[in-house]
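Chain by chain, the residues run as shown.
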Amino acid sequence: QVQLVESGGGSVQAGGSLRLSCAASGHSSSGCMAWFRQAPGKEREGVASISKYAITNYADPVKGRFTISQDKDKNTLVLQMNSLTPEDTAMYYCAADSITQIPCRLRVDYKYWGQGIQVTVSS
């Protein structure tokens, strides 16, 4: 089965940057990988996704600020987050799915999930 482990979260002031990583193991290359986030009292929402063909998809609130990428082996997913705002504060989750979509959807029906990592942005 697929195991996903996030790292790189933390606290930063508004306008700062953070780089999240997700290490995947126990599987062949996934068709889609994505980042989701969930703030307290809110539903989980998609942030960005990337297909095994390197096609990316971004949610409107993060376009132009966040960049999703993966390594050559497709086993490490990265989310570079720039120009962070307090509205970006949330638990961030790495997700993967064996089904390839073009682009990969930003819907909460991915098959595999990490445990999440906290990102806190202060004013």
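A few words on the pattern of salt bridges. Pairing is possible between side chains of opposite charge, provided their charged atoms come close. With the rule as written, the count across this model stands at 5 salt bridges. Close ionic contact of R37 with D88 constitutes a salt bridge, the shortest N to O distance being 2.9 Å. Of the two residues, R37 is situated in strand 4 (residues 32-38) and D88 in the loop between strand 8 (76-81) and strand 9 (90-97); the sequence distance between them amounts to 51 residues. No difference in accessibility class separates R37 from D88, as the two residues are buried. Residues joined in a network through salt bridges with shared partners are R37, E45, R65 and D88.

All right, on to unusual backbone geometry then. A cis amide bond links I102 to the next residue, P103, at an omega of -10°. With respect to the helices, strands and loops of the structure, P103 is situated in the loop between strand 9 and strand 10 (112-113). You will see that A54, though not glycine, has its phi angle at about 70°, which is positive. Along the chain, A54 turns up in the loop between strand 5 (45-51) and strand 6 (56-58). A positive phi angle, close to 50°, is found at S83, a residue other than glycine.

Burial of strand 4 is extensive: 6 of the 7 residues sit out of reach of the surface. Here 6 bridges tie strand 4 to strand 5, and the two strands are oriented antiparallel to one another. Paired with A34 across the bridge in strand 5 is S49. Connecting the antiparallel pair strand 4 and strand 5 is a turn made up of 6 residues, with G41 showing a positive phi of about 80°. Bridge count for strand 4 against strand 9 is 7 bridges, and the pairing is antiparallel. Along strand 9, the bridge assignment pairs A34 with A95.

About the cut-offs
Residues numbered from 1 in each chain as written. Predicted model: local features only at pLDDT ≥ 70, side-chain atom pairs only at ≥ 80, totals over all residues. Heavy atoms only, no water. Salt bridge = Lys/Arg side-chain N within 4 Å of Asp/Glu carboxyl O. Helix = DSSP H or I, 4+ residues; strand = E, 2+ residues; numbered from the N terminus. Buried < 20%, exposed > 50% of the residue type's maximum accessible area, 1.4 Å probe, protein only. Pairing = 2+ DSSP bridges.

Take it as geometry only, folks, not as evidence of what the structure does.
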